[in-house]
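Given next are the chains, with one letter for each unit.
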Amino acid sequence: MPIPPRYWKGLGRDVDPIGFGCWQLAGNYSVKEKPHGWGAMEPQDAAQLVHAALDQGIQFFDTAAGYGAGRSEEVLGRALRGSTKAHDAIVCTKTGLLPEEIDTLTLGTPFKQRVEASLARLGTERIGVLLLHGPPDNLAWQELDTKALDGLVKEGKVGTYGISAISLAGVDHVLEAGFGTCVEWVFHLLERRPEKRFPKLLEQGMNFIARSPLSRGLLSERYRRDNPQFSPNEFRSNLPADWVRWTVEHMRALPAQGTNIAEDALRYCLSFEGMSVVIPGVRTPAQLESLERVRHAGPVLPHHRQAMFQNIPDHYPAWD
Ligand SMILES: NC(=O)c1ccc[n+]([C@@H]2O[C@H](COP(=O)([O-])OP(=O)(O)OC[C@H]3O[C@@H](n4cnc5c(N)ncnc54)[C@H](OP(=O)(O)O)[C@@H]3O)[C@@H](O)[C@H]2O)c1
């Protein structure tokens with residue numbers, strides 16, 4: 001079944017709903033002396049992945065200034081510039097807010113400069129989607145002075161903007177305020193609460209970017225048999241052990257739709273019109289091939305969807 005593109009009002013165009021998460025392209029790095037990357041990634045391997053993604057028709061690439069202190073943006077930008085197929089690509093990147101910007105509710109010149117730095121690292125004149133990276137959940141969105149942000153849109157340096165939220169409460173707060181045109185948050189087989197937000201998103205003409213759709217890679221066939229073990233130089237070595245145990249236990253209890261739980265997980269996300277783009281993090285050519293199989297298989301059908309979740313909670317209870 002073909003997977004229809006989703007319309008993005010803020011961009012005034014359709015976008016393919018299978019995207020590409022670029023955090024993994026940053027390779028190994030640390031934040032405050034803790035590993036924050038996903039393991040080694042050579043720039044030429046990253047470029048090959050991006051090129052193969054473009055060949056498949058993938059258009060949406062999600063990165064952030066914070067991924068490897070700009071390394072993901074640099075690697076992605078170089079790869080896109082080195083391709084003849086990148087004309088339809090949309091770069092979504094993120095910028096965090098400084099404490100003084102949060103305190104004064106003002107985005108001024110320093111904010112604009114950080115966005116200009118992202119443009120320079122990406123080697124482009126335009127960021128398709130700019131997200132504020134993890135602002136406080138309860139920010140007073142109506143009071144935020146967005147002149148600098150709106151100026152970037154007017155100048156054509158940014159297509160549209162939104163939020164990458166920390167929690168579901170943050171998503172709700174942004175939706176209530178009607179801030180921006182899009183919101184990014186977690187959505188996968190074991191975090192299904194965003195489903196209930198989709199009608200409102202559609203009603204408001206806002207787009208939803210589904211991040212961590214494989215629950216940090218735990219929704220993987222390999223963990224049906226083996227327990228996850230992560231190398232100490234990747235950030236997953238610090239994931240809360242209880243959450244990992246809970247996720248693996250419930251993943252194993254999910255009935256298989258196809259032959260591959262990761263592909264089922266992506267087909268589940270794609271089965272909602274209110275989900276605009278799903279952005280699995282990709283590290284290997286085999287994982288990209290898996291995305292191609294997802295494209296051919298199409299979304300999980302709604303009646304299969306219901307059968308998938310008997311006795312499976314819609315989120316990790318400790319995250320209430
Ligand atoms: N605050 C934010 O804004 C935020 C936070 C998180 C993520 N994100 C964005 O969302 C993207 C994706 O989320 P995520 O990085 O948290 O994790 P994810 O997409 O849930 O999981 C990614 C991991 O899944 C595994 N994988 C990928 N394809 C697979 C397949 N076909 N079969 C089995 N395993 C597969 C890989 O793990 P292995 O490495 O083990 O192969 C990969 O590193 C990121 O790249 C980033 O762009 C944004």
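As shown above, the structure is provided for reference.
These remarks concern the structure in this document.

**Thoughts on the overall build of the chain**
Summing up its helical and strand segments, the chain has twelve helices and twelve strands in all. Projecting the C-alpha coordinates of the chain onto the three principal axes gives extents of approximately 50 × 40 × 40 Å. Taking all 320 residues of the chain together, 54% fall into the buried category. Considering only residue pairs separated by 6 or more positions, the chain has 76% of its internal contacts joining residues 24 or more positions apart.

**Let's talk about the packing of helix H1 (residues 43-56) against helix H11 (residues 285-297)**
Between H1 and H11, whose axes approach to 10 Å, the crossing angle comes to 15°. Taken together, the axis directions place H1 and H11 in an arrangement best described as roughly parallel. The element H1 and its partner H11 pack so that their crossing is right-handed. Of H11, the residues touching H1 (which contributes Leu49, Ala52, Ala53 and Gln56) are Pro285, Leu288, Glu289, Leu291, Glu292 and Arg295. Classifying every residue of the contact of H1 with H11 by side-chain character gives six nonpolar, one polar and three charged.

**A closer look at the sheet that holds strand S8 (residues 127-133)**
Sheet architecture is open: eight strands sit in the order S3-S6-S7-S8-S9-S10-S11-S12, paired in parallel fashion. Each end of this open sheet is capped by a strand with a single partner; those strands are strand S3 (20-21) and strand S12 (277-278). Where strand S9 (residues 158-164) lies against strand S10 (residues 182-186), three bridges are found, and the strand directions are parallel. Paired with isoleucine 163 across the two strands is valine 183, which belongs to S10. Helix H4 (residues 109-122) rests against strand S7 (90-95), S8 and S9 of the sheet, and its axis sits at about 130° to S8.

**Some points on helix H6 (residues 168-177)**
By the burial criterion, the buried members of H6 are Leu168, Gly170, Val171, Val174 and Leu175. The buried side chains of H6 occupy one side of the element, clustering within an arc of 155° when seen end-on. The backbone nitrogen of alanine 169 lies 3.2 Å from a side-chain oxygen of the residue at the head of H6, namely serine 167. The first or second residue beyond H6 is glycine 178, which carries a positive phi of 65°.

**Remarks on helix H10 (residues 261-269)**
Of all the nine residues making up H10, nine are buried; the element is thus mostly covered by neighbouring parts of the structure. Regarding H10, the residues found buried are Ile261, Ala262, Glu263, Asp264, Ala265, Leu266, Arg267, Tyr268 and Cys269. Lining the buried residues of H10 we find helix H8 (222-225), helix H9 (241-253), S12, H11 and helix H12 (302-308). N-cap assignment for H10: the residue whose side-chain oxygen lies 2.9 Å from the backbone N of alanine 262 is asparagine 260.

**Overview of the packing of H1 against helix H2 (residues 71-81)**
Viewed as axis vectors pointing N to C, H1 and H2 meet at an angle of 55°, and their least axial separation amounts to 9 Å. In terms of orientation, H1 lies oblique with respect to H2. The element H1 and its partner H2 pack so that their crossing is right-handed. On H2, the residues that touch Pro43, Ala46, Ala47, Val50, His51 and Leu54 of H1 are Arg71, Val75, Leu76, Arg78, Ala79 and Leu80.

**Let's talk about the pairing of S7**
S7 sits mainly inside the fold: six of its six residues count as buried. Residues Ile90, Cys92 and Lys94 of S7 are buried on one face, and the alternating residues Val91, Thr93 and Thr95, pointing to the opposite face, are buried as well. A crossover links strand S6 (residues 60-62) with its parallel partner S7, the connecting element being H2, and its sense is right-handed. Pairing geometry for S7 and S8, over four bridges, is parallel.

**Here's the deal with the nonpolar core**
Membership of the largest hydrophobic core comes to 94 residues, with the highest contact counts inside it found for Phe20, Phe61, Phe111 and Met275. Counting twelve residues, the second-largest nonpolar core is a separate cluster that includes Val15, Ile90, Val129 and Cys182.

**Considerations on unusual backbone geometry**
Phi at arginine 216 takes a positive value of approximately 60°, unusual for a residue other than glycine. Following the sequence through the fold, arginine 216 ends up in the loop between strand S11 (207-211) and H8. On the accessibility criterion, arginine 216 (26% relative accessible area) is partly exposed.

**Brief notes about the site of the ligand**
In the vicinity of the ligand lie 28 residues, with Asp62, Ser164, Ser212, Arg236 and Gln287 positioned nearest. At a separation of 3.1 Å, an oxygen atom of the ligand approaches a polar backbone atom of glycine 217. Relative to its unbound accessible area of 910 Å², the ligand is 93% covered by the protein chains. Taken together, the residues of the shell around the ligand sort by class into nine nonpolar, eleven polar and eight charged.

Rules behind the numbers
- Residues numbered from 1 in each chain as written.
- Predicted model: local features only at pLDDT ≥ 70, side-chain atom pairs only at ≥ 80, totals over all residues.
- Heavy atoms only, no water.
- Helix = DSSP H or I, 4+ residues; strand = E, 2+ residues; numbered from the N terminus.
- Buried < 20%, exposed > 50% of the residue type's maximum accessible area, 1.4 Å probe, protein only.
- Contact = heavy atoms within 4.5 Å.
- Axes fitted to C-alpha atoms, helices over the stretch in contact; angles between N-to-C directions.
- Parallel < 35°, antiparallel > 145°, perpendicular 65-115°, else oblique.
- Left-handed = near helix turned anticlockwise from the far one by under 90°.
- Nonpolar A, V, L, I, M, F, W, Y, C, P; charged D, E, K, R; others polar.
- Pairing = 2+ DSSP bridges.
- Arc of directions from axis to C-beta.
- Polar contact = N/O pair within 3.5 Å; in protein donor to acceptor, adjacent residues only side chain to side chain.
- Right-handed = clockwise from strand over helix to strand, strands pointing away.
- Core = buried A, V, L, I, M, F, W, Y, C linked by side-chain atoms within 4.5 Å.
- Near = heavy atom within 4 Å.
- Areas by Shrake-Rupley, 256 points an atom, 1.4 Å probe, with all protein chains shown as cover.

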